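Topology and contacts: notes
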Amino acid sequence: MKKLYLNTGGFNAIFNDLKESFDGKLTTTKNEYNLTFKSKWAKGTISGVCLDNNMSHMYFDFVLNQDVSISMESFQASPILFAYCESGKLAHSFGANGDKKIIKENQTGILSNTSVINSVLYFESHKHIQFSLIGVPTMAFAEEENLEIISQLKKRFSNENGNYIYVGSENVKITSKWQELKKVPQKGVVKNLLKKVILKEIIEMEIAQHSYNYIKTFDPIVNMATKQINEIKRISHMNISEVISAAGLVSRNYLPRIFKEKHLLSYKPYNQKLAS
């Protein structure tokens, strides 16, 4: 296994370290970075952008000819990292001897590390690996309007020992936002503004689906879903499960629970109530 080490710092330092590690060609335009590499052991690209609120997005697309691990020091900004694996898989551990968590294709992972233990990423050889990574700093966030988001992130995605990781199945609505982020067509300032909006939407949706305060967090979504449910039922003969799927606003794992809490009815009695 080829072992690489990443001394984390600013976004520029991270990409320069990646350039040295992968022996690639790095091009930069203001706050946008694009690293391409082709060698006997690795071929692909790593691109990224750091926005004016210090939130960042990176996209990895490569094939390795040998197993690789990347050991990363703790970030000074103590970011919460959101990962989405589009192809292949990657693994993570806290320290070289820590338990490994695998993020497979169409899975998401959430990571925070405020300890002195390195985070280690593992990649298999001869596999096409594509994944996206959003970083939201929690120690130095520029915009006051996002302080509430930072508070929510710390509350949901951290623990006492400083090492937090969650791996779960994709949320269809969040995945569509990941794809939207990847395909932003504009360039320059407009592109960055669009990315900033989409990144914030993804973060808010992740907070919402992991929130313990379901009613407060999901209230606008549930209200909108209820309107759509009522309208679809009015003009169709679909059953309530099909209607929920057609509304398509939040993951099927979360809507039933908060729907019952809000309306004091599960789908079947609610369906009967609508029919009457």
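That block above? That's the structure.
Residues numbered from 1 in each chain as written. Predicted model: local features only at pLDDT ≥ 70, side-chain atom pairs only at ≥ 80, totals over all residues. Heavy atoms only, no water.

**Here's the deal with the overall build of the protein**
Put simply, the test is: What counts as a helix is a DSSP run of H or I of at least four residues, what counts as a strand is a run of E of at least two, and both are numbered from the N terminus. Buried means the residue's accessible area, taken with a 1.4 Å probe over protein chains only, is under 20% of the maximum for its type, while exposed means over 50%, and partly exposed covers the values in between. Contacts are assigned to residue pairs that have any heavy atoms within 4.5 Å of one another. Every accessible area reported is derived by Shrake-Rupley at a probe size of 1.4 Å, with residue values counting cover from the shown protein chains alone.
When helices and strands are counted, the protein shows eight helices and 13 strands. Here the protein holds 276 residues, and 47% of them are scored as buried. For the protein, the proportion of contacts with a sequence separation of at least 24, taken over those separated by at least 6, is 68%. When the accessible surface of the protein is split by element, carbon and sulfur atoms take 51% of a total near 14,700 Å².

**Side note on the pairing of strand 12 (residues 128-136)**
Rule in force here: The criterion for strand pairing is that DSSP finds at least two bridges linking the strands in question.
Where burial is concerned, most of strand 12 is hidden: eight out of the nine residues are buried. Here eight bridges tie strand 5 (residues 56-64) to strand 12, and the two strands are oriented antiparallel to one another. Bridging across to strand 12, His57 finds its partner in Ile134. As paired strands, strand 7 (residues 80-87) and strand 12 are joined by seven bridges and run antiparallel to one another. Looking at the pairing, Ile80 lines up with Val136 of strand 12.

**Quick word on the nonpolar core**
The condition that has to hold: Residues belong to a common nonpolar core when they are buried Ala, Val, Leu, Ile, Met, Phe, Trp, Tyr or Cys residues joined through side-chain atoms within 4.5 Å.
Phe22, Ile46 and Phe123 are the most contacted members of the largest nonpolar core, which has 34 residues in total. When residues of this core are assigned to their parent elements, the largest contribution, five residues, is made by helix 1 (residues 11-22). Once you skip the residues sitting within four places of it in the chain, Phe22 turns out to touch Leu4, Phe37, Trp41, Ala42, Ile46, Leu64 and Ile70. Membership of the second largest hydrophobic core comes to 23 residues, among which are Met55, Ile149, Leu153 and Trp178.

**A look at the pattern of salt bridges**
Just so we agree on the cut-off: Put simply, a salt bridge is a Lys or Arg side-chain nitrogen that is within 4 Å of an Asp or Glu carboxyl oxygen.
Across all of its chains, the model carries four salt bridges by this definition. Two residues, Glu124 and Lys127, come together in a salt bridge whose shortest N-O distance is 2.9 Å. Residue class for Lys127 comes out partly exposed when judged on its relative accessible area of 40%. With a shortest N-O distance of 3.4 Å, Glu180 and Lys177 are connected by a salt bridge. Of this pair, Glu180 and Lys177 both sit in helix 3 (residues 172-182), three residues apart, which is roughly one turn of the helix.

**Overview of the sheet that holds strand 9 (residues 101-103)**
The strands that make up a sheet pair up through hydrogen bonds in the backbone, lying either parallel or antiparallel. This is how the line gets drawn: Axis lines are fitted through C-alpha atoms, for helices just across the contact stretch, and the angle between N-to-C directions can take any value from 0 to 180 degrees.
One open sheet accounts for five strands, arranged 1-6-11-8-9; its pairing is mixed. Looking at the sheet topology across the chains shown, the edges are occupied by strand 1 (2-6) and strand 9. The sheet shows a mean angle of 25 degrees between the axes of neighbouring strands, direction not considered. Across five bridges, strand 6 (residues 68-72) lies against strand 11 (residues 119-123) in antiparallel orientation. Directly across from Ser71, in strand 11, lies its bridge partner Val120. Strands strand 1 and strand 6 of the sheet are contacted by helix 1, whose axis makes an angle of about 160 degrees with strand 1.

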